[in-house]
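Spelled out from the first residue to the last, the chains are:
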Amino acid sequence: MSQHRHPGVPGRAGAVPALPDLPEATVARLPEYLRALHNLADTGYETVSSEGLSAAAGVNSAKLRKDLSHLGSYGTRGVGYDVALLIEQIENVLGLTQRRAVALVGVGNLGHALAGYDGFAGRGFRIAALLDADPSRVGEEINGLVVRHVDDLPTVAAEESLAIGVIATPAAAAQQVADQLVAVGVTSILNFAPCVLSVPEGVDVRKVDLAIELQILSFHEHRKASLTALPATGGSALTALPGGFAATDTQEAIGT
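Residues numbered from 1 in each chain as written. Predicted model: local features only at pLDDT ≥ 70, side-chain atom pairs only at ≥ 80, totals over all residues. Heavy atoms only, no water.

S.K.: Describe the overall build of the protein, with residues and values.
M.R.: Summing up its helical and strand segments, the protein has nine helices and 13 strands in all. For the protein, the residues scored as buried account for 32% of the 256 residues in total. Restricting to contacts in the protein with at least 6 residues of sequence separation, those with at least 24 account for 54%. Looking at the protein as shown, the accessible area adds up to about 15200 Å², and 56% of this sits on carbon and sulfur atoms. (Helix = DSSP H or I, 4+ residues; strand = E, 2+ residues; numbered from the N terminus. Buried < 20%, exposed > 50% of the residue type's maximum accessible area, 1.4 Å probe, protein only. Contact = heavy atoms within 4.5 Å. Areas by Shrake-Rupley, 256 points an atom, 1.4 Å probe, with all protein chains shown as cover.)

S.K.: So what's going on with unusual backbone geometry? Which residues, and what values?
M.R.: Its identity as a non-glycine residue notwithstanding, asparagine 143 has a phi of 55°, on the positive side. Along the chain, asparagine 143 falls in the loop between strand S6 (141-142) and strand S7 (145-146). One non-glycine residue, serine 161, adopts positive backbone phi at about 50°. Structurally, serine 161 is set in the loop between helix H6 (153-160) and strand S9 (164-167). A relative accessible area of 57% means that serine 161 is categorised as exposed.

S.K.: Before we move on, can you summarise the environment of valine 48 with the specific residues and values?
M.R.: By the element assignment, valine 48 lies in strand S2 (residues 47-48). Judged by its relative accessible area of 7%, valine 48 is buried. Separated by 33 residues in the primary sequence, valine 48 and tyrosine 81 have C-alpha atoms spaced 5.3 Å apart. Not counting residues within four places of it along the chain, the set of residues in contact with valine 48 comprises Leu37, Leu40, Leu53, Val79, Gly80, Tyr81 and Val83.

S.K.: Could you give an account of the packing of helix H1 (residues 24-42) against helix H4 (residues 83-93), naming the residues involved and the relevant values?
M.R.: The relative placement of two packed helices is expressed as an angle between their axes plus a distance between the axes. Where H1 contacts H4, the axes come no closer than 10 Å and their chain directions differ by 145°. Classified by chirality, the crossing of H4 by H1 is left-handed. Contacts from Leu30, Tyr33, Leu34, Leu37, His38 and Ala41 of H1 reach H4 at Val83, Leu86, Ile87, Ile90, Glu91 and Val93. Its residues assigned to classes, the contact of H1 with H4 comprises ten nonpolar, one polar and one charged. (Axes fitted to C-alpha atoms, helices over the stretch in contact; angles between N-to-C directions. Left-handed = near helix turned anticlockwise from the far one by under 90°. Nonpolar A, V, L, I, M, F, W, Y, C, P; charged D, E, K, R; others polar.)

S.K.: How would you sum up helix H2 (residues 50-57)? Please name residues and give values.
M.R.: Those residues of H2 not exposed but buried are Ser50, Leu53, Ser54 and Ala57. Buried residues of H2, seen end-on, are gathered within an arc of 100° and therefore sit on one face of the element. The inward-facing, buried residues of H2 contact H1, S2, helix H3 (61-69), strand S3 (81-82) and H4. Just past H2, the residue glycine 58 takes up positive phi, approximately 75°. (Arc of directions from axis to C-beta.)

Following this line, the structure appears as structure tokens:
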């Protein structure tokens, strides 16, 4: 979930060359295509059809072709897409041609698990620092990194050229951590805390709230249970509506 999305600051020092102006939905799907392509490459595929890639990525093939056309990649009729070339194109657009340094703030249960995850390195990211405000956590070693106090963030930023900050703190501490990250020049934040952050223009925040995802799944379970409970045949079946009301099939059909 993207909380904020702002364009880059024109004329900023160190600006990268212009990239395609991609729709947010396309950007969100590119990592799925990239993961599928890496899996295909690992199993020996040199080319893949749009249907094969869309099935591997779990998306509609027409949507995939439109997404890739934004990158100037149209494939070859009768052959499909060159897997290695498409990996290179997507990694270039996503800025994965360099390993980006990430600071993880908050090494409680969730943060500890994230710090121990080995999959980031293969996706172009390097966990450069672990930080926490709890003195009992400082000095702990996780996956080869020693936890530092969050007050050391300015020093860490200078040492590691941080690109991204990950917040895995309780909600009450998340805004202060975000402010500290922004103060040291971090302009991309992944927020696992269950709260909305306030950040300046030019700072991008992606929010991951596992409870919200479970609530969405709960809705789908509730909907399936409601459909299963409807009478199979005969009569005018009642459909539950918000507020405790009910509508018959006939009323739904005519919109009354």
